[in-house]
Amino acid sequence: MPKERILHGIPASKGVGIGKAFIYEIKKTEVFQTPILSVYLKDEVVRFENAILKTKEELQRIKDQINREIGEDFGQFLDAQIMMLEDETILDAVKKRIFDEKKNAEYIYHEVISEYARKLSESKNAYFKERVIDIYDVAERVIKNLLGLSHTSVLEAPPGSVIIAHDIPPSEATLINRKNVVGIAMELGGRTSHTAITARALEIPAILGIGEFVSKVQNGDDVIVDGERGIVIIHPGSSRVNFYEEQKKKTIQVTKALLPVCELPPETRDGKHIDISANIEFFAEAEQAIRYGAIGIGLFRTEFLYLARRGSPSEEEQFRVYNALARKIKPHPVIIRTFDLGGDKIFSDYHEANPFLGWRAIRVCLQEPEFFKTQMRAILRASVNKNIRIMFPMIATYEEIRRVKLIFNEVKQELKSKKIEFDDSIQLGIMVETPSAALMSSSLAQEVDFFSIGSNDLTQYTLAVDRGNEKISQLFDHFHPAVLRLIKETIDSGHKGNIWVGICGELASDPIAIPLLVGLGIDELSMSPSSIPRAKLILRTLTIPQCKEIAEEALRLRTALEVRRFLNRVLRKQFPGIEDAIK
């Protein structure tokens, strides 16, 4: 029997997948140069133009399929690929070189594209480097069409497949069939790549950024993808398979048991209502949110609109997405977070040593006011649905929210002058994800209608721990007493200022954290759609006096480990009926 091998990567989509390896390889088509007689050069240019046209039609068909099956905003990234096919600089260069060098179209096109891609790959910026994938994806299609060759596709993956790949081009990632694919493992990629976003949308477990391993796997090998722990197991032993099969059975049993809970109101046993909302990245996930019983959208991350398009989406493009989402979720609220670009979501050629401490989120928007105003105009126009709220990320100072409101009021006046309708009483809120915002929360509460605590960044900044650094990842713990005290201070300040306070980081969906957060006085918990039923089940077993007692005791402890042990112990003792839910 082959030896079991465990690989570590970035957990991009949760869950466990057990299946057979389906190796997806992008085999680059070999291109040879062939001399073309002068009399046939015009025909060669026509052959090139026909291949470009055929490729555009293929990509448009894929985009239409994505729009039908997943959501209109999801296929926008293909517009960037189609635009590459219309790039006059590239097209003219190819045609000119065909005549000048008297060589075949596929060879000349390959040479021109390689030069273009080389320039981008030399950039220090990770975002531009990622764009090289798009370029080669498009070029490969064109060259195959020139040569009359067929395309390999992830659509060929048989039922029970774990896709094993170096990388999956964006136009292929969106064709993954969740009926056949049970897991994805890739050498490249991260949580913001197209493959990661697709996997989360389809609820397929995925581990990316594993590093070189594809050459050590063969088609049909047994593979386990553990999206919870961030590991891929090749040739798992029988005991390992049995363990994960049991895990999957328990997950299925718990999921089935939780389905009836989706329809129940999110309230404690003694009748206290706590909003449980969904965090989503794109329109397609709204369906999941509704299915799992979300009371609205607590966080709509808009960065995807930028990253998918590989640039700034227009006001009209944004309006269509925001308006459709608001109408779909109505009458429940939709909280739209303005662009949180920067940090781990690289988007410009500005290189910085510490991107999480640099030019990101609201700092970008305040320095690029026209970019910011475009988004706010789109959101305000969609607010005629009367269920939209706006949230600003990464607020660290009082001055920032004052500047934001000045720009916001300018946009409102602009729309009024054009007689464009919007919700003049729309709620404004901020993400509390820096220690400074938490400590200044009493002042900030006077300027906004709500707080939403971003526990991931708040933990990172409070503990000075890069949550993406595996060397120190064990130090990242949202149960650290310093983090909990900042959360309490934020909630207390919000309530004293007569505004509501929610939390939308990973802590909101941590089963053992829910009683603690309720005891601290949280008004809303926002989480991934699939976490909602479990959260509702736990919430409905609790009482407010019990939760307050738990929170008071937890705040007296000195370490994150002590807090975790205390919460696990007290929950199992006081609420034995939720044993499976807190695992």
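Here, the structure is the one placed above.
The notes below deal with the structure included here. (Residues numbered from 1 in each chain as written. Predicted model: local features only at pLDDT ≥ 70, side-chain atom pairs only at ≥ 80, totals over all residues. Heavy atoms only, no water.)

1. Side note on the side chain of E58
- Tracing the chain through its elements places E58 in helix α1 (residues 41-69).
- Residue E58 is classed as buried on the basis of its relative accessible area, which comes to 9%.
- In this structure the side chain of E58 is engaged in a polar contact, spanning 3.5 Å, whose partner is the side chain of N145.
- E58 has contacts with R141, N145 and H151, leaving out every residue within four places of it along the chain. (Helix = DSSP H or I, 4+ residues; strand = E, 2+ residues; numbered from the N terminus. Buried < 20%, exposed > 50% of the residue type's maximum accessible area, 1.4 Å probe, protein only. Polar contact = N/O pair within 3.5 Å; in protein donor to acceptor, adjacent residues only side chain to side chain. Contact = heavy atoms within 4.5 Å.)

2. As for the sheet that holds strand β16 (residues 524-527)
- Here 8 strands make up a closed barrel; going around it, the order is β9-β10-β11-β12-β13-β14-β15-β16 and the pairing parallel. Adjacent strand axes in the sheet meet at a mean angle of 25 degrees when their direction is disregarded.
- Where strand β12 (residues 388-392) lies against strand β13 (residues 428-432), 3 bridges are found, and the strand directions are parallel. Paired with M391 across the strands is G429, a residue of β13. (Pairing = 2+ DSSP bridges. Axes fitted to C-alpha atoms, helices over the stretch in contact; angles between N-to-C directions.)

3. Section: the sheet that holds strand β3 (residues 16-24)
- Reading across the sheet, the 8 strands line up as β1-β8-β7-β3-β4-β5-β6-β2 and stay open at both edges, with mixed pairing between neighbours. Every interior strand has two partners, whereas the edge strands, β1 (5-8) and β2 (10-13), have only one. Strand-to-strand, the axes of this sheet are offset by a mean angle of 30 degrees, without reference to chain direction.
- Relative to strand β6 (residues 206-208), strand β5 (residues 181-186) runs parallel, the two being bridged by 2 bridges. Pairing of A185 across the sheet is with I207, part of β6.

4. Details of the environment of V563
- Positionally, V563 belongs in helix α22 (residues 560-574).
- Under the relative-accessibility criterion, V563 is labelled buried at 0%.
- Beyond its immediate sequence surroundings of up to four residues, V563 is in contact with F479, P481, L484, A554 and L557.

5. A short note on the pattern of salt bridges
- In this structure the tally under the stated criterion is 35 salt bridges.
- The residue R47 makes a salt bridge to E106 at a minimum N-O spacing of 2.5 Å. Highlighted residues: R47 in helix α1 and E106 in helix α4 (residues 105-121), separated in sequence by 59 residues.
- The partner of K488 in a salt bridge is D492, and the shortest N-O contact between them spans 2.6 Å. With K488 and D492 both in helix α18 (residues 481-496), this residue pair falls 4 residues apart, about one helical turn.
- A relative accessible area of 32% places K488 in the partly exposed class.
- Each of E315, E316, R377, R381, E414 and K418 takes part in a single network of salt bridges with overlapping partners. (Salt bridge = Lys/Arg side-chain N within 4 Å of Asp/Glu carboxyl O.)

6. Considering the side chain of S13
- Along the chain, the position of S13 falls in strand β2.
- Among the residues examined, S13 registers a relative accessible area of 5% and is labelled buried.
- Ignoring any residue separated from it by four or fewer positions in sequence, one finds S13 in contact with A199, R200, I204, P205, A206 and G227.

7. So, the packing of helix α3 (residues 88-101) against α4
- Here α3 crosses α4 at 130 degrees, and the two axes come no closer than 9 Å. By the angle between their axes, α3 is oblique relative to α4. Note on packing geometry: the crossing formed by α3 with α4 is right-handed. Taken together, the residues of α4 that come into contact with α3 (itself represented by I90, A93, V94, R97, I98 and E101) are A105, I108, Y109, E111, V112, I113, E115 and Y116. (Parallel < 35°, antiparallel > 145°, perpendicular 65-115°, else oblique. Left-handed = near helix turned anticlockwise from the far one by under 90°.)

8. Brief notes about the pairing of strand β7 (residues 222-226)
- Across the 5 residues of β7, 4 count as buried, placing the element largely inside the fold.
- Here β3 runs beside β7; their pairing, made up of 5 bridges, is antiparallel. For G17, the partnering residue across the bridge sits in β7 and is V225.
- For β7 and strand β8 (residues 231-234), the ladder comprises 4 bridges, and the chain directions are antiparallel. Across the sheet, residue D226 finds its bridge partner in β8, namely I231.
- Between β7 and the antiparallel strand that follows it, β8, lie 4 residues; G230 among them carries a positive phi value of about 75 degrees.

9. Notes on the nonpolar core
- Counting residues in each nonpolar core, the largest one holds 97 residues, and the members touching the most others are F392 and I487.
- The leading source of residues in this core is helix α13 (residues 369-382), at 7 residues.
- Those residues in contact with F392 that lie beyond four places of it in its chain are T338, I362, F372, M376, I401, V404, L428, G429, I430 and M431.
- Listed in part, the 51 residues of the second largest apolar core include F48, Y107, L120 and A206. (Core = buried A, V, L, I, M, F, W, Y, C linked by side-chain atoms within 4.5 Å.)

10. Notes on the packing of aromatic side chains
- Taken as a whole, this structure holds 6 aromatic pairs when the rule is applied.
- Residues F48 and Y109 carry aromatic rings whose centres are separated by 5.6 Å and whose planes lie at 50 degrees to one another, so their mutual orientation is tilted. Placement of F48 in helix α1 and of Y109 in helix α4 is noted, with a sequence separation of 61 residues between them. Exposure class is identical for F48 and Y109. Each is buried.
- Their ring planes at 75 degrees and their centres at 6.0 Å tell us that F372 and F392 sit as a pair that is edge-to-face. Of this pair, F372 sits in helix α13 while F392 sits in strand β12; the two residues are 20 residues apart in sequence, bridging distant segments of the chain. (Phe/Tyr/Trp six-rings, centres within 6.5 Å; stacked < 30°, edge-to-face > 60°.)

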